[in-house]
Amino acid sequence: MTSPQPHRPVGNRALAPFGTTIFAEMSALAVRTGAINLGQGFPDVDGPPELLDAAVAAIRGGRNQYPPGPGVPELLEAIAVHQQRFYGLSVDPGSEVLVTAGATEAIAAVVLGLCEPGDEVVTFEPYYDSYAATIALAGAARRTSVLRFPDFAVDEASLRAAFSERTRLVLLNTPHNPTGKVFTRPELDLICSLAREFDAWVVTDEVYEHIVFDGLEHVPVASLPGMWERTLTISSAGKTFSATGWKVGWVVGPREGVAAARSAKQFLTYVASGPFQPAVATALGLDDEVYAGLSSSLQRKRDLLCSGLAAAGLPISHPAGTYFVVADAAALGARDAMTFCRELPERVGVVGIPVSVFHDDPEAGRTLVRFAFCKRDEVLTEAAERLARLGG
Ligand code: PMP
Ligand code: GLN
């Protein structure tokens, strides 16, 4: 049979540049080789027992049918209380919160809900991989400003140059994956002032909001003067409660922004995670020590892996938050991080993620590798010993 359009590729051309995600490729490589997986960012222990018990109770208690479109009432309420408790933000659970299938769907719902073809989205590179694909699916164009190793500071001139009268939104991520950077207050002020000047939304991905180190405080963009009205904040239970497979995320912001995201979301999944939603509501209300314990435990893990990388002769960027540290493999003679990462499991039995895949500028992250430290101490110690062999 002949194809009606022989020259047209089968897939949606907007997705053609993205191939298979690096996380799928590298996790499959870890399974195939038996290497320690410091690639995809997921913890290897469970989160608070109260969270797990609440999910079991919800499943046993019959909460297994479609939840309401915006989210179950107790989770909407718990998210609003969380924003007040940690950031002093007063949020209406009925109209200013939307529960999504993880932060990934929140990003998609916001971008698809706000952008039309021809609009532009400003973001920083390296960026979380779903940003680029989602912007492309919306028919929008991305305009990036590069954060450069080792301090990953915002470059004002290139950020300003990324804005235009077509800018619909700025997609920001702090604490930042893959760099571990926490944006400074002057950097946030600059982003906010450009957003105001160009009348753009700020969409801020804060999934690592509770994973900041060395006494630093996470500053939500929505809490900055005059920013609530143009800011949509995204977060997720995955990182805060070490349950990345649950996929419970949310969007918080002014009513009309949340409504725009809701209109897209209802045709993406409609709803998700029925029994996990009440469980996350329970977890959000846990004591301060649970939140503090998460960041202090990850800070110790950061230090463990960073000293291992230093001993291996790898220069690193000191992470202020997240699960991740970026190292420069050029010091070990690597010329390109993708090749280095594909060979690393065979060489020493460790998997990392090449930062180059999160860049538009092919030179920017050429030799940089991201390692995740959200693993048990003994796993990190073993990984550090293996990496040290690279130097020898
Ligand atoms: N944003 C960032 C910056 C992430 O690192 C991740 C991955 N965990 C996500 C969004 C997606 O989060 P979720 O698993 O809740 O969809
Ligand atoms: N957020 C995780 C990371 O950056 C992985 C998410 C995914 O597999 N898409 O490693």
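The written sequence of each chain sets the order in which its residues are numbered from 1. Here the convention is simple: chains get letters from A, ligands get numbers from 1, in the order in which they are written. It should be noted that, the model being predicted, local features are given only for residues of pLDDT at least 70 and side-chain atom pairs only at 80 or more, the latter also being counted only at that level, while totals for whole chains, interfaces and linings use all residues. Processing note: side-chain calculations cover all non-hydrogen atoms of the structure and skip hydrogens and water entirely.

S.K.: Would you explain the site of ligand 1 in this entry?
M.R.: Taken together, 13 residues lie around ligand 1, and T104, D205, Y208, S236 and K239 are the ones closest in. Side-chain polar atom of S236 to an oxygen atom of ligand 1: 2.7 Å apart, as the coordinates give it. To measure how exposed things are, a 1.4 Å probe is used in the Shrake-Rupley method; for residues, cover is taken only from the protein chains shown. Calculation on ligand 1 without its partners gives an accessible area of 400 Å², and the protein chains cover 93% of this total. Working definition: helices are DSSP H or I runs of at least four residues, strands are E runs of at least two. Numbering for both runs from the N terminus. It is helix α4 (residues 102-114) that provides the largest number of residues to the shell around ligand 1, a total of 4 residues. Each residue gets one label: Ala, Val, Leu, Ile, Met, Phe, Trp, Tyr, Cys and Pro are nonpolar, Asp, Glu, Lys and Arg are charged, and the others, such as Gly, are polar. The residue inventory of the shell around ligand 1, partitioned by class, reads 5 nonpolar, 5 polar and 3 charged. Here a residue is near a molecule or strand as soon as one of its heavy atoms is found within 4 Å of it. Residues adjacent in sequence count toward polar contacts only when both atoms are side-chain atoms; beyond that, a polar contact is any pair of N or O atoms within 3.5 Å, and within protein one must be able to donate a hydrogen and the other to accept it.

S.K.: Quick question: what am I supposed to make of a negative patch on the surface here?
M.R.: Taken together, the side chains of E50, D53, D287 and E289 define an acidic patch exposed on the protein surface. Tracing the chain through its elements places E50 in helix α2 (residues 49-60). Accessibility here uses a 1.4 Å probe with only protein chains present; expressed as a share of the type maximum, an area under 20% marks a residue as buried, one over 50% as exposed, and anything in between as partly exposed. The class of E50 is partly exposed, set by a relative accessible area of 38%. For patch detection, residues must exceed 30% relative accessible area and be free of salt bridges, and they are connected within 9 Å for like charges or within 5 Å for nonpolar side chains (Val, Leu, Ile, Met, Phe, Trp, Tyr). Here, a salt bridge means any side-chain nitrogen of Lys or Arg that lies within 4 Å of a carboxyl oxygen of Asp or Glu. Positive: Lys, Arg. Negative: Asp, Glu. His and the chain ends are not part of the count. All charge positions are set by atom: Lys at NZ, Arg at CZ, Asp at CG, Glu at CD.

S.K.: What's the story with the pattern of salt bridges in this structure? I'm lost.
M.R.: Should their charged atoms come close, side chains of opposite charge can pair. Applying the stated criterion to the full structure yields 19 salt bridges. A salt bridge links D189 to R185; the nearest nitrogen and oxygen atoms lie 3.1 Å apart. Within this pair, D189 and its partner R185 are both found in helix α7 (residues 185-197), separated by 4 residues, close to a single helical turn. When its relative accessible area of 34% is taken as the criterion, D189 is described as partly exposed. R185 sits in the partly exposed class, given a relative accessible area of 43%. Three or more residues joined by partner-sharing salt bridges are found here, namely D44, R376 and E378.

S.K.: What am I meant to see in helix α13 (residues 377-391) here?
M.R.: Because each turn of an α-helix spans 3.6 residues, side chains separated by three or four positions end up pointing in the same direction. Multiplying one less than the number of residues by 1.5 Å gives the expected span of a helix. End to end, α13 covers 22 Å across 15 residues, agreeing with the expected 21 Å (1.5 Å per residue, within 8%). Within the sequence span of α13, burial applies to V379, L380, A383, A384, R386, L387 and L390. Axial view of α13: buried residues confined to an arc of 170 degrees, hence all on one face. Projecting away from the buried face of α13 at angles above 90 degrees are the exposed residues E378 and R389. We call two residues contacting when some pair of their heavy atoms lies within 4.5 Å. The elements touched by buried residues of α13 are β1 (36-37), α11 (288-311), α12 (337-348), β11 (350-351) and β13 (368-372). Comment: arc refers to directions from the helix axis out to C-beta atoms.

S.K.: Whenever I open this one, the site of ligand 2 confuses me. Can you help?
M.R.: Taken together, the residues surrounding ligand 2 are F23, Q40, G41, Y128, N177, K239, F324 and R370. Between ligand 2 and the protein, one listed contact pairs a nitrogen atom with a side-chain N or O atom of Y128 at 3.2 Å. Within the side chain of R370, a nitrogen or oxygen atom sits 2.6 Å from an oxygen atom of ligand 2. Burial of ligand 2 by the protein amounts to 79% of the accessible area it has alone, namely 300 Å². Tallied by class, the residues present in the shell around ligand 2 amount to 3 nonpolar, 3 polar and 2 charged.

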